[in-house]
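Examining the three-dimensional arrangement
Listed here are the chains, written in short residue letters.
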Amino acid sequence: MLRRLAGMLVVMFLVASVVFVIAHVIPGDPAAVMLGPSATAADVAALRARLGLDASLPVQYLSFMRAAAGLRLGQSIFLDQSVTAALAQRAPLTLQLTAIAAAIAVGLGVPVGVLAAVRRGSLLDQAATGLAMTAASLPSFWVGLTLIEYFAVRWHVLPVAGYGPPGAGPLAHLRYLILPAIAVGIPNSALIVRFTRASMLDVLGEDYVRTARAKGLGPGAVIMKHAFRNARTQVLTVLGLTVAGLIGGAIVTETVFGLPGIGNLVVSAVLRRDYPVIQGALLVISGAYVLINLAVDLLYAALDPRVRY
Amino acid sequence: MSGMIARAPARAAPLRELLRRLVRRRLALFGMLVLAGVLIAAAAAPWLVPYAPQRMDIVHRLAPPSAAHLLGSDEFGRDVLARCMYGARISLTIGLLVVALSGLAGTIVGITAGYVRRLDGFLMRVTDAMMAFPDILLAIALMAALGASLYDVVVALGAVYTPRVARVVRGGTLVLRELQFVEAAEALGAGDWRVMRVHLLPNLLSPLLVQCTFTFAATILTEAGLSFLGAGVPPTSPSWGNMIAGGQQYIGRADWLIFAPGLCMVATVLALQAVGDGLRDALDPRLRRLT
């Protein structure tokens, strides 16, 4: 357990270093890039001082790491807001979107994967494997646009884009999240189908499954009680890895649907070269990924008593 | 696992044997045919369609698919089919360059991590750290730092996919280094460099080839995402992502603007995945554990 935590801290430290490197491979002067060609030399110098860019690289690195450790992410250049406040304001939407998309990906991926494994080699299995490969080839932003075309523009079932009014309850917002969540969920279900199928096939070949069958247990009980219980830890692991894909999908899809989440914030920050926001978002998103995978490892131990930390 | 290595040097006309095995798999055959089609369309675009991708014809803007414009025309009256074919050029060029870059860098990092024990922990933690970012997020952040040319896209995506190649190559190296022929080479006094180059590298080509195919597929998707967000190749170039972004506002009026480039992209990526799967099974099904 302690080793796992220490490993996580090392990865977080390196993640922050990667963020620092990205922000400092900028050719030329970031302050000048940010302010554009019309800026005066004095403005550039002032921004350089404000961002601490006039210090030497090692000094900048140290102060960056110290600030990152305390989650002091600085001020946005374009928004009249601190980076922390900007991220906190937009995080709930992105979290909801990612969570619903994860539910869709699991709800779709796990049953299909289990069925494909149980009916191995059948037409159903081939269809499931083929569909999974197709789903993995779909860019979520394009799925989103296709959904808008049919569900919003042609059939008027759901809103085209945007988000409910700020005062409305969570249910009012949900309507706006359905299409984007499907767009993010479908491509990410592919990996879950493949992993569920593979781990179920492993487990179904085990002796204890044969024993359960031999003692006359019905196929449903064998699959759910004996096989799936043992395959689910692996399914959980792949879900942890899918989180990166889900967040990545959410970032792009928020732009398609005009949802004011972290993805939208990052994309506009990139287009405006708002480096403090980019840095902050990189840190928070990768931090979330690392924490979620730590949680997955802990759950793993809870589900499988053989695993100890 | 060790069997894979021992059988690898069976090299009786290896390329032809590999092709024969690939063609026998229906899915891989389908993938190769689609890829061949995309390649021909990209290479012979100027001779296959009578329109230049940038040629505007405002009178016939947003024309639905017809005999004159097989896939319709866009908001400037440009031919969508011609733009899709030139888009294939951009996607394939970026894909190949990213595969070359990440394949080279990933092989160096992976083989070093797997063979030189002292460096393994550090190199693998760095790849862990880089893989903690979603592909597209790391890519747009790098684009913010680099610029907006095709080569900046290649560098950004090359950096994003290097850690994955490195992981696969390291996994293969860890298996190989325990085998007797490596031990024999070490006993004969071969240095690290020679063992890596002469004894390890040739045996890592199979997993590397498979991983490169999947990297190619992932690159096309992420590149399209970058263009779509406006952080990829310049918006004037007819990349599939740019075309979809441009068609977004005509949704409901001119759906071919998003369906045509989107389906080109999905077909290409699907074909690459099918070929990758086929290659993995044809080279050695046990590679499934690595890639």
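All chains use their own residue numbering, which begins from 1 and follows the written sequence. Whichever chain is written first becomes A and whichever ligand is written first becomes 1, with later ones labelled in order. pLDDT decides what is reported in this predicted model: residues at 70 or higher carry local features, side-chain atom pairs at 80 or more are listed and counted, and totals for whole chains, interfaces and linings draw on all residues regardless. Computation of side-chain values: all heavy atoms of the structure, hydrogens and water removed.

**Topic: the overall build of chain B**
Here a strand is any run of E in DSSP of at least two residues, a helix any run of H or I of at least four, and the numbering for each starts at the N terminus. A count of helices and strands for chain B gives twelve helices and zero strands. Ordered by position from the N terminus, the helices and strands of chain B form the series α-α-α-α-α-α-α-α-α-α-α-α. Taking the principal axes of the C-alpha coordinates as reference, chain B spans close to 75 × 45 × 25 Å. Per-residue burial for chain B yields a buried fraction of 55% across its 291 residues. Contacts between residues were defined by any pair of non-hydrogen atoms, one from each residue, lying within 4.5 Å. Taking the contacts inside chain B whose residues are at least 6 apart along the sequence as the reference set, 73% of them involve residues at least 24 apart. Accessibility throughout is a Shrake-Rupley quantity obtained with a 1.4 Å probe, and a residue counts as covered only by protein chains that appear here. Carbon and sulfur atoms make up 66% of the accessible area of chain B, which totals about 12500 Å². We score Asp and Glu as negative and Lys and Arg as positive, and we do not count His or the chain ends. For the purpose of locating charges, the reference atoms are NZ of Lys, CZ of Arg, CG of Asp and CD of Glu. Taking the average place of the 27 positive charges on the side chains of chain B and the average place of its 18 negative ones, the gap between the two points comes to 6 Å. With a 1.4 Å probe rolled over the protein chains alone, any residue whose accessible area is under 20% of its type maximum counts as buried; one over 50% counts as exposed, and the rest are partly exposed.

**What to know about helix 11 (residues 240-247) of chain B**
Where burial is concerned, most of helix 11 of chain B is hidden: six out of the eight residues are buried. Of all the residues in helix 11 of chain B, the buried ones are Trp240, Gly241, Asn242, Met243, Ile244 and Gly247 of chain B. Those residues of helix 11 of chain B that are buried are in contact with helix 7 (140-154) of chain A together with helix 5 (80-115), helix 10 (192-229) and helix 12 (256-283) of chain B.

**A closer look at the interface of chain A and chain B**
With 45 residues of chain A in contact, the opposing surface of chain B contributes 44 residues. Note on chain A versus chain B: buried area summed over both sides is about 3800 Å², and carbon and sulfur give 79% of it. Put simply, a salt bridge is a Lys or Arg side-chain nitrogen that is within 4 Å of an Asp or Glu carboxyl oxygen. At the boundary of chain A with chain B, the tally comes to zero salt bridges. Where the side of chain A that touches chain B is concerned, the elements lending two or more residues are helix 1 (2-24), helix 6 (123-136), helix 7, helix 10 (219-257), helix 11 (262-272) and helix 12 (275-303) of chain A. Note on residue classes: Ala, Val, Leu, Ile, Met, Phe, Trp, Tyr, Cys and Pro are nonpolar, Asp, Glu, Lys and Arg are charged, and everything else, Gly too, is polar. Considered class by class, the residues forming the side of chain A that touches chain B number 35 nonpolar, six polar and four charged. Summed over both partners, the accessible area (1.4 Å probe) lost when two parts come together is defined as the buried area.

**Considerations on unusual backbone geometry**
Residues and elements named next belong to chain A. We note that arginine 273 has phi near 55°; this positive angle belongs to a residue other than glycine. Here arginine 273 is to be found in the loop between helix 11 and helix 12. Since its relative accessible area comes to 22%, arginine 273 is described here as partly exposed.

**Let's talk about the packing of helix 7 (residues 135-146) of chain B against helix 10 of chain B**
All names here are of chain B. Inter-axis angles, ranging from 0 to 180 degrees, are taken between N-to-C directions of lines fitted to C-alpha atoms, where helices are fitted over the stretch in contact. Remark: helix 7 packs on helix 10, axes separated minimally by 10 Å, with the N-to-C direction vectors making an angle of 55°. When the axes of helix 7 and helix 10 are compared, the pair comes out oblique. Between helix 7 and helix 10 lies a crossing whose hand is right-handed. Facing Asp135, Ile136, Ala139, Ile140 and Met143 of helix 7, the residues of helix 10 in contact are Thr222, Gly225, Leu226 and Leu229. Partitioning the contact of helix 7 with helix 10 into residue classes produces six nonpolar, two polar and one charged. Angle categories are assigned with fixed cut-offs, so that under 35 degrees is roughly parallel, over 145 is roughly antiparallel, 65 to 115 is roughly perpendicular, and the rest are oblique. For any helix crossing, the convention is left-handed if the near helix is rotated counterclockwise from the far helix by under a right angle, and right-handed if that rotation is clockwise.

**Here's the deal with the environment of leucine 298 of chain A**
Relative to the assigned elements, leucine 298 of chain A resides in helix 12. Expressed as a C-alpha distance, the spacing of leucine 298 of chain A and leucine 239 of chain A, which sit 59 residues apart in the sequence, is 14 Å.

**Structural notes on the packing of aromatic side chains**
Note on aromatic pairs: each is described by the distance of the centres and the angle between the planes. Working definition: a ring pair exists when centres of Phe, Tyr or Trp rings (six-membered ring for Trp) sit within 6.5 Å. Plane angles under 30 degrees give stacked, over 60 give edge-to-face, the rest tilted. Counted under the stated rule, the structure contains seven aromatic pairs over all chains. By the ring-pair criterion, three or more aromatic residues cluster together here, those being Trp142, Tyr150, Phe151 and Trp155 of chain A together with Phe259 of chain B.

**Some remarks on the confidence of the model for chain A**
Caution applies to low-pLDDT parts of the model: their predicted coordinates are not meant to be read in detail. Summing up the model confidence of chain A, the mean pLDDT is 82 and the portion of residues at 70 or higher is 92%. How sure the predictor is of each residue is captured by pLDDT, a score from 0 to 100. Per-element confidence in chain A ranges from a low mean pLDDT of 69 for helix 2 (residues 30-35) of chain A to a high of 90 for helix 5 (residues 83-118) of chain A.

**Here's the deal with the pattern of salt bridges**
Residue and element names in this part refer to chain B. Counted under the stated rule, the structure contains ten salt bridges over all chains. For arginine 167, the salt bridge goes to aspartate 128, with nearest N and O atoms at 2.9 Å. Placement of arginine 167 in helix 8 (residues 150-176) and of aspartate 128 in helix 6 (residues 117-131) is noted, with a sequence separation of 39 residues between them. The exposure class assigned to arginine 167 is partly exposed, which follows from its relative accessible area of 29%. Residues joined by salt bridges that share partners form a network here, namely Asp74, Arg78 and Arg83.

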